[in-house]
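Summary of structural features
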There are 2 protein chains.
Amino acid sequence: MATLKDVAALAHVDVSTVSRALNNKAYVHPETKRRILKAVKQLGYAPNLVAKSLRQGKRHTIGVVVPSINISIFGEIVQGMEEQARNLGYSILISNTMDDPQIERECLARMRTGLVDGIVIASTGENMRLLADIASENIAIIQIVRNQSPQFDCVAADYYECGYEATQYLVKLGCRHIGLINGHGHIRPYEERYQGYKKALAKAHLQEYVVAASKDGSQYFEDGYQATKELLKMVPSLDAIMVATDLQALGVIRAVKKAGLSVPEDVRIISLTGHPVGATLETAMTSMQVPSREMGECATKLMIERIESEDHSAIRHQQIVFQTMLMTRETT
Amino acid sequence: MATLKDVAALAHVDVSTVSRALNNKAYVHPETKRRILKAVKQLGYAPNLVAKSLRQGKRHTIGVVVPSINISIFGEIVQGMEEQARNLGYSILISNTMDDPQIERECLARMRTGLVDGIVIASTGENMRLLADIASENIAIIQIVRNQSPQFDCVAADYYECGYEATQYLVKLGCRHIGLINGHGHIRPYEERYQGYKKALAKAHLQEYVVAASKDGSQYFEDGYQATKELLKMVPSLDAIMVATDLQALGVIRAVKKAGLSVPEDVRIISLTGHPVGATLETAMTSMQVPSREMGECATKLMIERIESEDHSAIRHQQIVFQTMLMTRETT
DNA sequence: CTGAAAGCGCTTACAG
DNA sequence: CTGAAAGCGCTTACAG
């Protein structure tokens, strides 16, 4: 690739003048500018972004740290992020942690070494100290989906309301024994959804039946399957199951059918992290749809605002909350 | 973050000595080295990778350009790539083109500006000239899934065999009117699968029934749904449908059921780009499973080999072909 | 309006 | 075994 120097030589000016002309940083004589642009065109010059980064201390790159992008709500979030970033002249550096704190630590350590201006993370919650260290080095941190600490910005959905509304909907349909298959551990979305569920049940004077999915991320079919077997053993009269994700819900459907029951006649099912794909399933999934693409776009916009506003530390942290939307389909 | 200079000051040596000690580039007196390492530890020093990149002309970053990572085989491929890259000390810069040649062009132009050492791409096929230009600038190019041009390395599956084997399997089951819902345009996997299908049908003296999915990427439910309606109108006695992806297959199932037919009794269905999620669907999907994770890992390994072997142009191009595996499940 | 110089944080010949 | 110097490709005060 041609460099600034090549352009400068061809246009018979100093590199600094070329730089100014290309960045519109100061007046450059129109005639000079014309010559420069001609040279740029002739050489097919494009600035070396790495050199620019080193000099300006800005990478125009955002790190994204998520459990998994494969068959998960994060796939759509990342896609929204990437599109928005591209439109605003940024790139996306991505890491999948599989919810393993050790991998998360490695990814963060790497990103910290000047690779990114900011990090958008759905964290395990085990590396909050490291995150704080990174933030103190003027790398912006934004949490997505999982609001693990109030000390950082966060873009998430209203999980309490999500749990509350889903439960109330099932109650209105006449369900009296509503099970909740919830994620494992101190992940905020799980806790808040549980609180919403609890509140709605109390209001209807119903009892709660909760099973935690296995501890390794809870995104999978097997979790839904096993948890449902447990629930059905515990509560033979179960008439509804609320479950964290669409994929788990597939496990729920299979377990319910295997028990000789049918969906939705005997057991109604609702997924609490609805993905558009739910509409296309064989028995279309009723779910609380999460606006994942919009959340990704929002996180990117907020991130770029943070990055470009210089004084990170002075800014008050924002908690942006999206509403989920009940999509009634065939499983209820 | 601390810099080399800080470490050098604390250890009372020159920055060059620190650099050598940390990179094991030359003998450094053990005692000096000890002092340096102590200083590194004390300051929590980690090298600035951007500066290193600029100096060495290596980015330790791989660009990935794919149609979409959301609910697609590419999600798993990218995950495999990312894990492998992380283990080998590389990062992944990702772009989703949505199969739009214009977006693809933008992404490539951006990556070209010093951001990456190499690009792994599942291309639209519309920017091959640009790709060749980029390759000539010593940025390695590896094609994944879509072998659009023999002038670059490629990691793909054996699509011909995939189409052939799937068809033959259906023939053995007794199917006599086998439809193929294929992707649109000159995308190699589609063309090769069609050839395999054609060959197997000819061998069994059967007629072919082919419908192309809509032209916008063919990854979607709606494509499968519409194409199936068309096929059923065309061939009322249809008894099997081969379709490009699991997600399209969901559309096929819905259309078949809507026509009052059942799966697999009346119509058997097989997906030609099987994803593990197929096993979890309500009617588990028979499919030709593509080893997507392994393909991603392989592409990354090959890429890093290329990058680190200096003389790109001299190397013969490799075409690495993975076998697909028939997974018989409930839709057949 | 433009040039010369310094510097971002590293690495790497070149001396010694 | 180690230091001083140059340079990767840019940007940005500082003069003029």
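Residues numbered from 1 in each chain as written. Chains lettered and ligands numbered in written order. Predicted model: local features only at pLDDT ≥ 70, side-chain atom pairs only at ≥ 80, totals over all residues. Heavy atoms only, no water.

On to the packing of helix α1 (residues 4–11) of chain A against helix α3 (residues 30–43) of chain A, then. Residues and elements named next belong to chain A. Across the interface, α1 lies against α3 with an axial gap of 9 Å and an inter-helix angle of 125 degrees. Between α1 and α3, the angle is such that the two are oblique. Here the hand of the crossing between α1 and α3 comes out right-handed. The segment α1 lies against α3, with D6, V7, L10 and A11 engaging R35, I36, A39, V40, Q42 and L43. Residues that form the contact of α1 with α3 fall into these classes: seven nonpolar, one polar and two charged. (Axes fitted to C-alpha atoms, helices over the stretch in contact; angles between N-to-C directions. Helix = DSSP H or I, 4+ residues; strand = E, 2+ residues; numbered from the N terminus. Parallel < 35°, antiparallel > 145°, perpendicular 65-115°, else oblique. Left-handed = near helix turned anticlockwise from the far one by under 90°. Contact = heavy atoms within 4.5 Å. Nonpolar A, V, L, I, M, F, W, Y, C, P; charged D, E, K, R; others polar.)

Now for the packing of aromatic side chains. Residue and element names in this part refer to chain A. Taken as a whole and judged by the stated rule, the model has six aromatic pairs over all chains. Ring geometry for Y160 versus Y164: centroids 6.4 Å apart, planes at 10 degrees, classification stacked. Here Y164 and Y160 lie together in helix α8 (residues 159–172), a separation of four residues that amounts to about one turn. The exposure class of Y164 is buried, given its relative accessible area of 14%. (Phe/Tyr/Trp six-rings, centres within 6.5 Å; stacked < 30°, edge-to-face > 60°. Buried < 20%, exposed > 50% of the residue type's maximum accessible area, 1.4 Å probe, protein only.)

Moving on, we get to the protein's contact with DNA strand D. Close to DNA strand D lie 26 residues; S19 and R55 of chain A together with T17, Y27 and T32 of chain B are nearest. In DNA strand D, the atoms that sit within 4 Å of the protein are 63% sugar and phosphate, with bases accounting for the remainder. Within the backbone of L4 of chain A, one N or O atom sits 2.8 Å away from a phosphate oxygen of DNA strand D. In the model, a phosphate oxygen of DNA strand D is placed 2.9 Å from a nitrogen or oxygen of the D14 of chain B main chain. For the surface near DNA strand D, the secondary structure elements donating two or more residues are α2 (15–23) and α4 (49–56) of chain A together with α2 (15–23) and α4 (49–56) of chain B. Split by residue class, the surface near DNA strand D holds nine nonpolar, 10 polar and seven charged. (Near = heavy atom within 4 Å. Polar contact = N/O pair within 3.5 Å; in protein donor to acceptor, adjacent residues only side chain to side chain.)

A separate point is the pattern of salt bridges. Inspection of the entire model under this criterion finds 18 salt bridges over all chains. With its nearest N and O atoms 3.0 Å apart, the salt bridge here joins R112 of chain A to E137 of chain A. On the criterion of sequence distance, the pair formed by R112 of chain A in helix α6 (residues 101–112) and E137 of chain A in the loop between α7 (128–136) and β4 (140–144) is long-range, its members being 25 residues apart. A salt bridge links K257 of chain B to E282 of chain A; the nearest nitrogen and oxygen atoms lie 2.7 Å apart. One end of the pair, K257 of chain B, is in helix α11 (residues 246–258); the other, E282 of chain A, is in the loop between β9 (268–274) and β10 (287–289), on a second chain. (Salt bridge = Lys/Arg side-chain N within 4 Å of Asp/Glu carboxyl O.)

So, on to the interface of chain A and chain B. Where interface size is quoted, it is often the accessible area lost as the parts come together. Chain A puts 55 residues into the contact, and the matching count from chain B is 55 residues. Taking both sides of the interface into account, the surface hidden between chain A and chain B amounts to around 4,800 Å²; carbon and sulfur atoms contribute 57%. For the interface between chain A and chain B, the tally reads four salt bridges. Counting every contact that joins chain A to chain B gives 32 residue pairs in polar contact (both at pLDDT 80 or more). (Buried area = accessible area lost by both parts, 1.4 Å probe.)

Under the UniProt annotation, the feature "domain: HTH lacI-type" (unreviewed entry) is placed at residues 2–56 of chain A. Split by type, residues 2–56 of chain A is 71% helix and 0% strand. Its first and last C-alpha atoms lie 20 Å apart. (UniProt positions renumbered as here; feature names shortened; annotations may be inferred.)

This part covers the protein's contact with DNA strand C. Around DNA strand C, the surrounding shell holds 26 residues, and the nearest of these are T17, T32 and R55 of chain A together with S19 and R55 of chain B. The sugar-phosphate backbone supplies 63% of the atoms of DNA strand C found within 4 Å of the protein. At a separation of 3.2 Å, a phosphate oxygen of DNA strand C approaches a polar side-chain atom of N23 of chain B. Listing elements by their share of the surface near DNA strand C, those giving two or more residues are α2 and α4 of chain A together with α2 and α4 of chain B. Among the residues making up the surface near DNA strand C, the classes are represented as nine nonpolar, 10 polar and seven charged.

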